[in-house]
Each structure stands twice: as structure tokens, then as C-alpha cells.
Amino acid sequence: MDIEKRIKEIEDELKITKYNKSTEKHILKLKARLTFLKKQLEEQKIREKKRISREGVKKQGDARVSLIGPPSVGKSMLFNKLTNAKSEVGDYAFTTLDVLPGILKYKGAEIQILDMPGLIEGAAKGRGNGREILSIARDSDLLLLVLDIYNLDLDTILKELYDFGIRINKRKPKITLKRTEKGGINIASTVPLSVDKELLRSMAWEFGYRNEDILIKEDITAEDFLDFLAGNRVYIPAILVINKIDLADENIVKELTKRFEKWDPVFISAQEKYGIKELKERMFTAIGLIRVYLKPQSGKIDYDAPLILRRGDTIEDVCNSIHRDFVKKFRYAMVWGKSAKYPGQHVGLDHRVEDEDIVRLVIRK
Ligand SMILES: Nc1nc2c(ncn2[C@@H]2O[C@H](COP(=O)(O)OP(=O)(O)OP(=O)(O)O)[C@@H](O)[C@H]2O)c(=O)[nH]1
Ligand SMILES: [Mg+2]
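Residues numbered from 1 in each chain as written. Chains lettered and ligands numbered in written order. Predicted model: local features only at pLDDT ≥ 70, side-chain atom pairs only at ≥ 80, totals over all residues. Heavy atoms only, no water.

(A) Structural view of the packing of aromatic side chains. Summed over the entire model, instances satisfying the criterion amount to 4 aromatic pairs. Where Y106 meets F284, the ring centres are 5.8 Å apart and the plane angle is 75°; that geometry is what we call edge-to-face. Of the two residues, Y106 sits in strand β2 (residues 100-106) while F284 sits in helix α9 (residues 276-287), which places them 178 residues apart along the sequence. The pair Y106 / F284 is uniform in exposure class, with both members buried. Over the ring of Y162 we find R167, and its NZ or CZ is 3.5 Å from the ring centre. One Lys or Arg, K295, reaches over the ring of W336 and ends 5.1 Å from the middle of that ring. (Phe/Tyr/Trp six-rings, centres within 6.5 Å; stacked < 30°, edge-to-face > 60°. Helix = DSSP H or I, 4+ residues; strand = E, 2+ residues; numbered from the N terminus. Buried < 20%, exposed > 50% of the residue type's maximum accessible area, 1.4 Å probe, protein only. Lys NZ or Arg CZ within 6 Å of the ring centre and 35° of its normal.)

(B) Region of the structure containing a positive patch on the surface. Where like charges cluster on the molecular surface, the positive patch consists of R6, K25, K29 and R33. Here the element with the most residues in the positive patch is helix α2 (residues 24-47); it accounts for 3 residues. In this fold, R33 is placed in helix α2. (Patch = residues over 30% accessible without salt bridge, like charges linked within 9 Å, V, L, I, M, F, W, Y side chains within 5 Å. Areas by Shrake-Rupley, 256 points an atom, 1.4 Å probe, with all protein chains shown as cover. Salt bridge = Lys/Arg side-chain N within 4 Å of Asp/Glu carboxyl O. Lys, Arg positive; Asp, Glu negative; His and termini not counted. Charge placed at Lys NZ, Arg CZ, Asp CG, Glu CD.)

(C) Main features of the coordination of the magnesium ion (ligand 2). Distances from the magnesium ion (ligand 2) to its protein donors, S76 (OG) and T96 (OG1), fall at 1.9 to 2.1 Å. Of the two residues, S76 is situated in helix α3 (residues 75-82) and T96 in the loop between α3 and β2; the sequence distance between them amounts to 20 residues. (Donors = N, O, S within 2.8 Å, 3.2 Å for Na, K, Ca; no water.)

(D) Region of the structure containing the site of ligand 1. The immediate surroundings of ligand 1 are formed by 23 residues, with K75, F94, T95, T96 and D246 found nearest. The separation between an oxygen atom of ligand 1 and a polar side-chain atom of S76 is 2.9 Å. Within the side chain of N243, an N or O atom sits 3.1 Å from an oxygen atom of ligand 1. Relative to its unbound accessible surface of 650 Å², ligand 1 loses 91% to contact with the protein. If you tally residues by element for the shell around ligand 1, the top one is α3, at 3 residues. (Near = heavy atom within 4 Å. Polar contact = N/O pair within 3.5 Å; in protein donor to acceptor, adjacent residues only side chain to side chain.)

(E) Just the nonpolar core, in detail. Counting 34 residues, the largest nonpolar core has I68, L143, L145 and I166 as its most contacted members. Elements with a contribution of two residues or more to this core: α4 (130-138), β4 (142-148), α5 (154-163), β5 (166-168), β9 (234-236) and β10 (238-243). No other element matches the 4 residues that α4 contributes to this core. For I166, the contacting residues outside a window of four places in its chain are L134, A137, R138, L143, L161, V234 and I236. If you look at the next biggest cluster of nonpolar residues, it comprises 28 residues, including A63, V73, L144 and A270. (Core = buried A, V, L, I, M, F, W, Y, C linked by side-chain atoms within 4.5 Å. Contact = heavy atoms within 4.5 Å.)

(F) Geometry of the environment of K338. Structurally, the position occupied by K338 is in the loop between β14 (330-336) and β15 (345-347). With a relative accessible area of 56%, K338 lands in the exposed category. Sequence separation between K338 and I358 is 20 residues, and the spatial gap between their C-alpha atoms is 9.2 Å. Setting aside residues no more than four positions away along its own chain, K338 makes contact with E354, D355 and D357.

Following this line, the structure appears as C-alpha cells:
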């Protein structure tokens, strides 16, 4: 008989067995067997070399968010509360074995959420389909690092992400490199550096460089420089989410707030739908999504259908998100809202828009 069925049977038996002196030993035995079977199931699932294909997870919507965390912390339950899709929830590790996409609609944006199998120690080396999970994580606009009050092992998750070249809540270091004919490796910087330039030079040498000008435009660590040399690092924002808060008292929340201070975690109960609203808002901001409303020549603004753009986007991006001919026909734009100096300001293609701006595009006929 398969393990999952045996687990179910024991759980059913435990449910109907009343606890008293005569059943005490039997119950303990059942619990021991249950624990053993769950552990076996866990190992079996890790061993099963079920390949996760990337075909099932085509990019969709305005952004992609991946749920990353250890097994059983409630990723799937959270996924079910965030999206229109349904993922299996179970009280044993590795309930989720595949990557499952769903869509969250929020403030007019469509955000693709990916439910993932649990990430375990050794993932970056391939344990538990880790490399497949991490390569999808690499290709995300935001990571939700999900823990629960029983499993707060953030370090393992961070280490696996790091080992796979994923840098969290960091910008790409501002360094440029130019190959030269001769003259060796030159390291220059526009700001004072707290790391020894000679060290950086020898690192570049070890990396195989011989004649290049390297210009560093901000203070960096040797680690940052290594990332620059390696080149294949990705820089992704992440939000720490701590689940199952329905089972915690106030003191635990206080303690965890302090312990994870620099993360400013979002405390949620996926089961009780607590904290989900705040989480959605934090996601929207962390991805850098903004809404722009178009003001048509005649008629009303459709506030239910904003253009979804990214922080830093310009009027040119507004044009391109409507039609690629718009830039060619562009004369000027009028802007109302946070980015406008005064209501209806006339601006050009390079003007940066902000969240909830209203834009009218004036184009040549
Ligand atoms: N009390 C409580 N239990 C929860 C909550 N969220 C999830 N659970 C329970 O935690 C267990 C694991 O939930 P899943 O959603 O399957 O966890 P997962 O992280 O997807 O697990 P894997 O797919 O195995 O990695 C289930 O028994 C859920 O009922 C919560 O907010 N509160
Ligand atoms: Mg799951």
C-alpha cells in the first residue's frame, strides 16, 4: 500500500480513537508510526526525480512573483488565498511537487504568482528539484520568502538563493568595464572605496582579465566585485512573510518583529486570511508597479483600466504600451498628478510618470 494511504488511515484512526488509560499506548504507537511514515514520505518525495518543466509556467501578466520557503509553511494555502487557482494543501512536507501558476488581480494589475515545492538545504546543488525551483525564482520580479512560526530558518533559504546567484534586496553594483589594447588592469573609482584596489585588481587578474579599464561608481565590497566579475547574478526584491500567526500570541509577534527587524516582515495567517491585504499592497510597491490613467480626447477616464507600468517609466513607455506607432506620431503629452509640476503640464517623451498620474497623449494625425 502506498505511504500516503497509510498515513491517511492512521490519521483517521487517531481521530476516532478516544484517549484514555487503555488506549494510551496504542495512540502513542500510532503517532510514532505516523511520524515515521511522514518522514518516509518526505524522503520518497525528495528522491522522486520528477522533473519540473518550465513549459507549464509561461510568463503571464504584468509581473511574476514566486513563493519560496521551506516545506509545509503554508505556501500553497497562501497561493490559494492570493490567486484564482487552486493548489493542494497538506500537513506533510512536499505536498506541492510542481510549479503552479495563478493570477492575482490587484489595482488593475495582473500579477502571476507561482506556487513552488519547498526549498530545502542543498537545493542549489539539485536536492529536491532545487535547481529547477531556483531557476524559476531567478526569473521573477519579486520573491515572497515564506516561513511560519514553527520554521524560521531563513538562513538556509538565503544561502540556497545566494549559492544560485540570486541577490536579494540589492541593486546591481555600479561598475563598468572597458577592454583596452594594452596597459594592464586599471581600477578607478568616482567615490572613495573602503576595499583595497590592489585586491580588486588581483581578483580581476585571477578571473582572466589582462587589459581593461574598470570604473567603480559606488562604494562596494569585495563580494560585490566578485558578483560583477561573475556577471550572471540577478538582483531581485524580496518580502519576508511569516505565516500561521493565528497560532502565535502577541509576545511571539513582538519577538519576531525584533529578530527580523531589517526585513520588516509581513505577519499573516493564510488560513484566517489575516494580513493578506497588507501583503498585496507591499507586493505592488516592492515590484515597483505604478498605474497611469489615460485621458481620452473626449469621454471619461476609465479608472478601472489603468496602464500598468514600472517605477521609473516615462511617457515613451506609456506610448509603447499602447501602440508602437505612438512614439513616431507623438507631439506632446499633458500630465496631471504626482509627476506634474502643475495640472496639465506639457511634457515630452522622457518625462517620468508616477503612480496614479493621468496622461493625455497628443499625437499627429
Ligand atoms: N494554523 C494555520 N495552519 C496553516 C496556515 N497556513 C497553512 N496551514 C497548514 O499548514 C500545512 C501546510 O500547508 P501547505 O499550504 O500545504 O504548505 P506548503 O508550504 O505549500 O507545503 P509544501 O507544498 O509541502 O512545501 C497544512 O496543514 C495547512 O492547513 C495558517 O495560516 N494557519
Ligand atoms: Mg505546497
